[in-house]
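Chain by chain, the residues run as shown.
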Amino acid sequence: MKTCSFTGHRPEGFTFGYDEENPACKALKIVIRSQIYSLYEMGYKRFITGCALGVDIWAGEAVLDLRRLNKDVKLIGAIPFKGQDNGWTEEQKERYAALLNNCDEVVTVCKKFNKGAFYVRDRYMVDNADVVLAVYDSSKGFSGTGYTVRYAMSRDMPVIIIDPETFEVTRRNV
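In what follows, the accompanying structure is described. It should be emphasised that the depicted structure is a prediction, and the values quoted were computed from it without experimental measurement. (Residues numbered from 1 in each chain as written. Predicted model: local features only at pLDDT ≥ 70, side-chain atom pairs only at ≥ 80, totals over all residues. Heavy atoms only, no water.)

Quick word on the nonpolar core
- Cys 4, Phe 6, Leu 28, Ile 32, Ile 36, Phe 47 and Trp 58 are the most contacted members of the largest nonpolar core, which has 36 residues in total.
- Listed by contribution, the elements that provide at least two residues to this core are β1 (2-8), α1 (23-41), β2 (44-49), α2 (55-69), β3 (74-79), α3 (90-102), β5 (131-135) and β6 (159-162).
- The greatest single-element share of this core, amounting to 8 residues, is contributed by α2.
- Aside from chain neighbours lying at most four places away, what touches Trp 58 is Phe 14, Phe 16, Glu 20, Cys 25, Leu 28, Lys 29, Ile 32 and Arg 95.
- Counting residues in each nonpolar core, the second largest holds 10 residues, with Tyr 136, Tyr 151, Met 157 and Ile 161 among its members. (Core = buried A, V, L, I, M, F, W, Y, C linked by side-chain atoms within 4.5 Å. Buried < 20%, exposed > 50% of the residue type's maximum accessible area, 1.4 Å probe, protein only. Helix = DSSP H or I, 4+ residues; strand = E, 2+ residues; numbered from the N terminus. Contact = heavy atoms within 4.5 Å.)

Following this line, the structure appears as C-alpha cells:
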C-alpha cells in the first residue's frame, strides 16, 4: 500500500503560533488537506503522522476527514514514546488522545523518553513511507522537520514541501 508520512514545524515555528483561527493558519491547513487528497488520488491510501502539535495533528485530522469519505484510507500514529503529551495543555492532550484513538494503528518507537526518541520516530516514518509531505521553511535553522526532510532526501525519497509563508508547493521526485 502506497504510504505518505508527514513532517512539519510546531505551532511556535509559524508567525500565527497557536492561533488556528488566523487566516494564514487556515490557508496552510487548506493546502495540507489539498495535498493529502491529491496523494489519495495518486493511490496513497496509508498515512503516517508523528502526532506532534501543529502540522502532524492537522495532517492527521485531515486524513481522518478523508477516511470518512473513503474507507480504504489508513492512518498510522508514530509516537516517539508514551507520554509525548506531557506538559501539554488539557485541550492539546484531548486532541492528541482523539487522534490516537482514531488511528488504525499506533506505533511507539521507544519505550521511554530519551534525547534521540524524536529522531528514531522521524526515521521510522521515512523508512516506512513512499513519499514525505513536509511543511518546511529551510530558513528556520536546525529543526526536527529539517532533519526529517534531509533524511528523506538522503534516501532519494520523493518529498513534497509546502512553504509555510507563501504556501508554494515544491515536489521533488514525485
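There's more to say after this.
What to know about the pairing of β1
- In terms of residue burial, β1 counts as a mostly covered element, since 6 of its 7 residues are buried.
- Note: β1 against β2, 4 bridges, orientation parallel. Pairing of Thr 3 across the sheet is with Arg 46, part of β2.
- Once you follow β1 into α1 and on to β2, the crossover reads as right-handed.
- Pairing analysis gives 5 bridges linking β1 to β5, with the strands arranged parallel. Counted as the bridge partner of Gly 8 is Val 135 from β5. (Pairing = 2+ DSSP bridges. Right-handed = clockwise from strand over helix to strand, strands pointing away.)

Let's talk about the environment of Tyr 124
- Summarising the element assignment, Tyr 124 is placed in helix α4 (residues 117-127).
- Discounting chain neighbours no more than four positions away, the residues touching Tyr 124 are Ala 78, Val 107 and Val 109.

What about unusual backbone geometry?
- Backbone geometry at Asp 156 places phi at a positive 60°, although glycine is not the residue there.
- Inspection of the secondary structure puts Asp 156 in the loop between α5 (144-154) and β6.
- Exposure remark for Asp 156: the relative accessible area of 55% places this residue in the exposed category.
- A positive phi is found at Phe 167, a non-glycine position, where the angle reads about 70°.
- Structurally, Phe 167 can be placed in the loop between β6 and β7 (169-172).
- Residue class for Phe 167 comes out partly exposed when judged on its relative accessible area of 25%.

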